[in-house]
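# Coordinates in review
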Amino acid sequence: MEHKAGFVNIIGNPNVGKSTLMNAFVGERLSIITSKAQTTRHRILGIVNGDDFQVILSDTPGIIKPAYEMQKSMMDFVKSAFEDADVLIYMVEIGEKELKDEDFFNKIIHAKIPVLLLLNKIDKSNQEQLEEQIALWKEKVPNAEIYPISALENFNVKEVFARILELLPASPAYYPKDALTDKPERFFVNETIREKILLNYDKEIPYAVEIETEEFLEDEKIIRIRSVIMVERDTQKGIIIGHKGAALKKVGMQSREDLEKFFGKQIHIELYVKVNKDWRSNAFQLRRFGYNQK
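To keep things clear, this report deals only with the structure shown in the data block. Bear in mind that the values here come from a model prediction, so they are computed numbers and not experimental data.

Attention now moves to the packing of aromatic side chains. Tallied over the entire structure, the rule returns 7 aromatic pairs. By the ring-pair criterion, three or more aromatic residues cluster together here, those being Phe188, Phe216, Phe262 and Phe263.

Structure, rendered in structure tokens:
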């Protein structure tokens, strides 16, 4: 039987459900999912393998107008998603009427590759609204195949995946058949801790945070992890730690529970907080944390 393989890249505005969709396809929580915007900062690959196929899915940051250096780097990840895609997924949600960046929108409507426009969160709509939205997007993106879905409820997700398989080119696998992602273990430790910070803190705090895992020691029964939470100011450090360290302890406990499920092993995790002044605007620091990779 002919083997198919290719890159399927997911783009769209913040919070439309891109990470939920990729996790639904892969069957693992590779991407952070929270109700806050700009949750995904990097381009994360999730790999789905079958006997005669390999689908390499790419979850990208939500499209925004960048306000500082880190956000510019995030948008570079989105631009790169156009360069190597065999199939492009453009994801919108019910009630949405436009992409926040005209240049990206032009790239979508003039794409030379198949475009699947997924109209997400249809569980929050009625039939009349759904029909109006389908008509609107057919007119706006005439080159796209439109699928109404609910990534959260898994509605129409299998049908979309089946269509992706039909559209993929004949190709050998790009990655080993047992690979789930291209990211190392420390990346998922960092993302898990960052997710807990997004869930437990308000306002600017989650966006001023980056995680660096300095130690990841694995033996047969336990993984020992030491991670540093970087913030931009001393006041943020105090908020992250909380009264008598209670807030930081909560983040550590929640992270440990998730990481034990992810790695299937006992986890011992130590968290520290350091001030790394204005790291989001510092080109050297951004490169160090995996941004500005051009």
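Now for the pairing of strand 8 (residues 222-231). In terms of burial, strand 8 is largely enclosed, as 8 of its 10 residues are buried. In terms of strand pairing, strand 7 (residues 210-218) meets strand 8 through 8 bridges, oriented antiparallel. Paired with Thr213 across the strands is Ser227, a residue of strand 8. Where strand 7 folds back on strand 8, the antiparallel hairpin that results is connected by 3 residues. Alignment of strand 8 against strand 9 (residues 266-275), held across 10 bridges, turns out to be parallel. Bridge pairing in strand 9 links Arg224 to His268.

Take the sheet that holds strand 9 next. The 3 strands lie next to each other as 7-8-9, forming an open sheet whose pairing is mixed. Looking at the sheet topology across the chains shown, the edges are occupied by strand 7 and strand 9. Between one strand axis and the next, the sheet turns through 15° on average, direction left out of account.

Considering the arrangement of structural elements, one finds Ile239 in helix 7 (residues 234-241). When the C-alpha positions of Ile239 and Tyr201 are compared, they lie 8.5 Å apart, and in sequence the two are 38 residues distant. Not counting chain neighbours up to four residues away, the residues in contact with Ile239 comprise Tyr201, Ile205 and Ala247.

The next thing to look at is the side chain of Asn120. Here Asn120 shows up in strand 5 (residues 115-120). Looking at Asn120, the relative accessible area reads 3%, which means it is buried. Side-chain polar atoms of Asn120 contact the backbone nitrogen of Ala151, separated by 2.9 Å. Once you skip the residues sitting within four places of it in the chain, Asn120 turns out to touch Val16, Gly17, Met91, Val92, Glu93, Ile94, Ile149, Ser150 and Ala151.

In this section: the environment of Gly50. Within the secondary structure, Gly50 is located in strand 2 (residues 44-50). Residue class for Gly50 comes out buried when judged on its relative accessible area of 17%.

The next thing to look at is the packing of helix 1 (residues 18-26) against helix 5 (residues 157-167). It is the contact of helix 1 with helix 5, at a shortest axis distance of 11 Å, that shows an interaxial angle of 75°. The orientation of helix 1 with respect to helix 5, classified from their angle, is roughly perpendicular. Taken together, the residues of helix 5 that come into contact with helix 1 (itself represented by Leu21, Ala24 and Phe25) are Val157, Val160, Phe161 and Ile164. The residue makeup of the contact of helix 1 with helix 5, split by class, is 7 nonpolar, no polar and no charged.

Turning our eyes to something else, we now look at the packing of helix 7 against helix 8 (residues 246-263). The geometry of helix 7 relative to helix 8 is characterised by a closest axis approach of 5 Å and an angle of 65° between their N-to-C directions. From helix 7, Ile239, Ile240 and Ile241 reach across to helix 8, where they touch Ala246, Ala247 and Leu248. Residue composition of the contact of helix 7 with helix 8, grouped by class: 6 nonpolar, no polar and no charged.

Turning our eyes to something else, we now look at unusual backbone geometry. A positive phi angle, near 70°, is found at Asn156, a position not held by glycine. For Asn156, the position within the fold is in the loop between strand 6 (144-148) and helix 5. Even without a glycine there, the phi angle at Lys244 is positive, about 55°. The exposed category is assigned to Lys244, whose relative accessible area is 78%.

Further remarks concern the pattern of salt bridges. The full count for this structure, using the stated rule, is 11 salt bridges. In this structure, the salt-bridge partner of Arg163 is Glu145, at a minimum N-O distance of 2.8 Å. Of this pair, Arg163 sits in helix 5 while Glu145 sits in strand 6, and the two are 18 residues apart along the sequence. For Arg163, a relative accessible area of 22% puts it in the partly exposed group. Glu145 gets classed as partly exposed once you look at its relative accessible area, which sits at 27%.

Conventions adopted
Residues take numbers from 1 onward in each chain, read along the sequence in its written order. Local features in this predicted model are restricted to residues of pLDDT 70 or higher, and side-chain atom pairs are both shown and tallied only at a pLDDT of 80 or more, whereas totals for entire chains, interfaces and linings draw on every residue. Just so you know, side-chain values use all the structure's heavy atoms and leave hydrogens and water out. Note on ring pairs: Phe, Tyr and Trp rings are taken, using the six-membered ring of Trp, and paired if centres are within 6.5 Å. Classes follow the plane angle, with under 30 degrees stacked, over 60 edge-to-face and the rest tilted. Exposed residues in this analysis have more than 50% of their type's maximum accessible area, buried residues have under 20%, and partly exposed residues fall in between, with area computed by a 1.4 Å probe over protein chains only. A run of DSSP states H or I qualifies as a helix once it reaches four residues; a run of E qualifies as a strand once it reaches two. Both are numbered from the N-terminal end. Paired strands are those between which DSSP finds at least two bridges. Convention adopted: a line fitted to C-alpha atoms gives each axis, helices being fitted over their contacting stretch, and angles between N-to-C directions are expressed from 0 to 180 degrees. When checking whether two residues touch, look at their non-hydrogen atoms; a contact exists if any pair is within 4.5 Å. Counted as a polar contact is a pair of N or O atoms within 3.5 Å, where, for protein atoms, one must be capable of donating a hydrogen and the other of accepting one, and residues adjacent in sequence contribute only when both atoms are in side chains. Here the word oblique covers every angle except those under 35 degrees (roughly parallel), over 145 (roughly antiparallel) and from 65 to 115 (roughly perpendicular). For this classification, Asp, Glu, Lys and Arg are treated as charged, while Ala, Val, Leu, Ile, Met, Phe, Trp, Tyr, Cys and Pro are nonpolar and the rest, including Gly, are polar. Here, a salt bridge means any side-chain nitrogen of Lys or Arg that lies within 4 Å of a carboxyl oxygen of Asp or Glu.

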